[in-house]
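# Analysis of the macromolecular model
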Amino acid sequence: MAVVAVVGAQWGDEGKGHIVDILAARAQTVIRYGGGNNAGHTVVNRHGTFKLHMVPAGIFEPSTLNIVGNGTVIDPKHFLGELDGLTARGIAVDNVRISDRAHVIMPYHAMQDRFDEELKGDAKIGTTGRGIGPAYADKMARIGIRVADLRDPVLFRERLTAVLAIKNRLLTTYYNAEPIDFDTIYREYVAYGQRLAPYIADVYPDVQHALEANQSILLEGAQGVLLDIDHGTYPFVTSSQPGIAGASQGAGIAPSEIDHVMGVFKAYATRVGSGPFPSEVDGAAADALRQMGKPWAEVGTTTGRLRRVGWFDAVAARYATRLNGIDRLAITKLDVLDEVAEIAICVGYRHNGQLINHPPSQPEIYAEVEPVYEVMPGWLSPTQHVRTWADLPANAQAYVNRLSELCGAQVSMVSVGPGHDQIIEVLPIL
Ligand code: IMP
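Being a predicted model, the structure only gives us computed values, none of them experimental.

Thresholds applied
- Residues numbered from 1 in each chain as written.
- Predicted model: local features only at pLDDT ≥ 70, side-chain atom pairs only at ≥ 80, totals over all residues.
- Heavy atoms only, no water.
- Domains from an automatic or database assignment.
- Contact = heavy atoms within 4.5 Å.
- Buried area = accessible area lost by both parts, 1.4 Å probe.
- Salt bridge = Lys/Arg side-chain N within 4 Å of Asp/Glu carboxyl O.
- Pairing = 2+ DSSP bridges.
- Helix = DSSP H or I, 4+ residues; strand = E, 2+ residues; numbered from the N terminus.
- Axes fitted to C-alpha atoms, helices over the stretch in contact; angles between N-to-C directions.
- Disulfide = S-S within 2.5 Å.
- Buried < 20%, exposed > 50% of the residue type's maximum accessible area, 1.4 Å probe, protein only.
- Core = buried A, V, L, I, M, F, W, Y, C linked by side-chain atoms within 4.5 Å.
- Near = heavy atom within 4 Å.
- Polar contact = N/O pair within 3.5 Å; in protein donor to acceptor, adjacent residues only side chain to side chain.
- Areas by Shrake-Rupley, 256 points an atom, 1.4 Å probe, with all protein chains shown as cover.
- Nonpolar A, V, L, I, M, F, W, Y, C, P; charged D, E, K, R; others polar.
- Phe/Tyr/Trp six-rings, centres within 6.5 Å; stacked < 30°, edge-to-face > 60°.
- Lys NZ or Arg CZ within 6 Å of the ring centre and 35° of its normal.

## A short note on the domain arrangement of the chain
For the chain, the assigned domains read domain 1 (3-100 + 204-257), domain 2 (103-196) and domain 3 (265-425). Computed from C-alpha coordinates alone, the two centres of domain 2 and domain 3 are separated by 37 Å. Counting from both sides, the interface comprises 6 residues of domain 2 and, opposite them, 5 residues of domain 3. Summing both sides of the interface, domain 2 and domain 3 together bury roughly 370 Å²; the carbon and sulfur share of this comes to 41%. The largest share of the area that domain 2 buries against domain 3 comes from Gly126, Thr128 and Arg130, three residues that together contribute 67% of it. Inspection of the domain 2/domain 3 interface yields 0 salt bridges.

## Describing the sheet that holds strand β1 (residues 3-8)
Reading across from one edge, β9-β7-β5-β2-β10-β1-β11-β15-β19-β20 is the order of the 10 strands in this open sheet, with mixed pairing throughout. Looking at which strands have only one partner, the edges of the open sheet turn out to be β9 (200-201) and β20 (423-425). Sheet topology places β1 next to strand β10 (residues 217-220); 4 bridges connect them, and they run parallel. Across the sheet, residue Val6 finds its bridge partner in β10, namely Glu220. Helix α13 (residues 394-407) contacts β11 (260-266), β15 (328-332) and β19 (410-415) of the sheet and is inclined by roughly 140° relative to β15.

## Remarks on the state of the cysteines
Tallied over the entire structure, the rule returns 0 disulfides. Looking at Cys346, it has no disulfide partner, and the nearest cysteine sulfur is the one in Cys407, 12 Å off. Using a relative accessible area of 0% as the deciding quantity, one classes Cys346 as buried. Given a relative accessible area of 0%, Cys407 falls into the buried group.

## Quick word on the nonpolar core
Grouped together as the largest cluster of nonpolar side chains are 61 residues, with contacts concentrated most on Phe79 and Met262. Per-element accounting of this core gives the leading share, 7 residues, to helix α7 (residues 182-196). Of all hydrophobic cores here, the second largest spans 60 residues; its members include Val207, Val225, Leu392 and Ala409.

## Here's the deal with the environment of Glu339
Relative to the helices and strands, Glu339 resides in the loop between β15 and β16 (342-351). Residue classification places Glu339 among the exposed residues on the basis of a relative accessible area of 70%. Between the alpha carbons of Glu339 and Tyr399 there is a distance of 14 Å; along the sequence they are 60 residues apart.

## Points about the site of the ligand
Around the ligand lies a shell of 16 residues, among which Asp13, Asn38, Thr128, Thr238 and Arg305 are the nearest. At 2.9 Å from an oxygen atom of the ligand is found a side-chain nitrogen or oxygen belonging to Asn38. Taking Val272, its main chain carries an N or O atom lying 3.2 Å from an oxygen atom of the ligand. Look at the ligand: alone it shows 470 Å² of surface, and the protein chains cover 97% of it. Grouping the constituent residues of the shell around the ligand by class yields 6 nonpolar, 8 polar and 2 charged.

## Quick look at the packing of aromatic side chains
A ring pair, where both rings are aromatic, is described by two values, the distance of the centres and the angle of the planes. Taken as a whole and assessed by the stated rule, the structure comprises 10 aromatic pairs. Seen from their ring centres, Trp11 and Phe277 are 5.1 Å apart, and the 55° between their planes marks the pair as tilted. A residue pair is termed long-range when its members are at least 10 positions apart, and Trp11 in the loop between β1 and α1 (16-24) and Phe277 in the loop between β12 (269-271) and α10 (283-290) qualify at 266 residues. There is no split in this pair, since Trp11 and Phe277 are both buried. When the ring of Phe50 is compared with that of Phe60, the centres are 4.8 Å apart and the planes differ by 55°; the resulting orientation is tilted. With Phe50 in strand β4 (residues 48-52) and Phe60 in the loop between β4 and β5 (65-68), this pair connects stretches of sequence that are 10 residues apart. Taken individually, Phe50 and Phe60 each receive the classification buried, so the pair is uniform in this respect. Among the aromatic side chains, those forming a connected cluster through ring pairs are Phe115, Tyr174 and Tyr175. The ring of Phe115 carries the charged tip of Arg114 above its face, separated from the ring centre by 5.5 Å.

Now the structure itself:
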């Protein structure tokens, strides 16, 4: 019995869905701790292929409690659509709880997100356009609407009146946009609140009960630690804390209760949106990594955007590992490298002739660093059918071992395809 946090350790899209799907089946409580429907977790299991955005991956086990934690931001319409989609496919959703402390993404958030990106021009972040940044900004500015407010029409009227006065002033005078009609939005969101009511709870007792009962608890991350608001490539980041600090805060679990931190790394690297990416490649190397046309091609789950691709960046990986206390690694999509003859790993950055061994804090400098590569021979044989470490080609073992050494953490899992069983479990964690 353990509390395990699964954190994305690059720029998101590491294949966390696959890993949490496997671990969730062994947990009694799964808590999604941050982000919103900017995330997209692809899960392929006995029920089919699912793209989860907010609902925790424990949803496929009827006895597992799935908590959407206080650290998330929730678009109620989207969330209800996700619940309906699962129900329509025969997956019961009555074991979902939404923390009443979580914040609500309102229509003006998506508008602000879009307008801000337009105003930034070339400096735009390339957000998912879901209103994530403005929703977290309002939370911090203490003008957010929380899930608890939605459940109570009287309280919600009060809150919305106060907030809409600010937002409509902003929309009309700063953005030159039309104001939002109070009655329309009020009615719409009260209706969402009614539909969500059976799932909304103060989850503190549930979490405490899970801890006291010594349950296996999985803290499910979203995005990746290089998109962290503090430690990521600011300002090209998301507005939450995808790492271990965010897991504790966003799930409502004391840091000392967390036994293991599993960092999920792709065997190479990808990024969507703008921002530094020193080991990025283009041309034929990018085509090989992007795997276009295959079901696991590097196209965003949420946005459908082509992902930028590159070699594994061990400098950023070690930084992510150290900052988050990652003690176990999941290396995903190893099979994508099956046909690559020479595999590069970025082991250092050079800037103005100097070697740097951790990511610079300023994106302008980060964008200028030159990657220093180490090249390893590929294995040039298929691995998708491999299920044990011993059956992995020697060069693939050597590659994974090198990543482990560079990060300074032990490998727990290696994925060799999108299927539920396409996993090599080296060191079980739950
Ligand atoms: P936002 O989270 O929509 O504000 O987007 C901010 C940045 O984070 C953009 O570069 C997005 O592409 C990136 N981002 C947000 N969520 C994800 C994710 O789940 N996977 C990968 N990138 C993400």
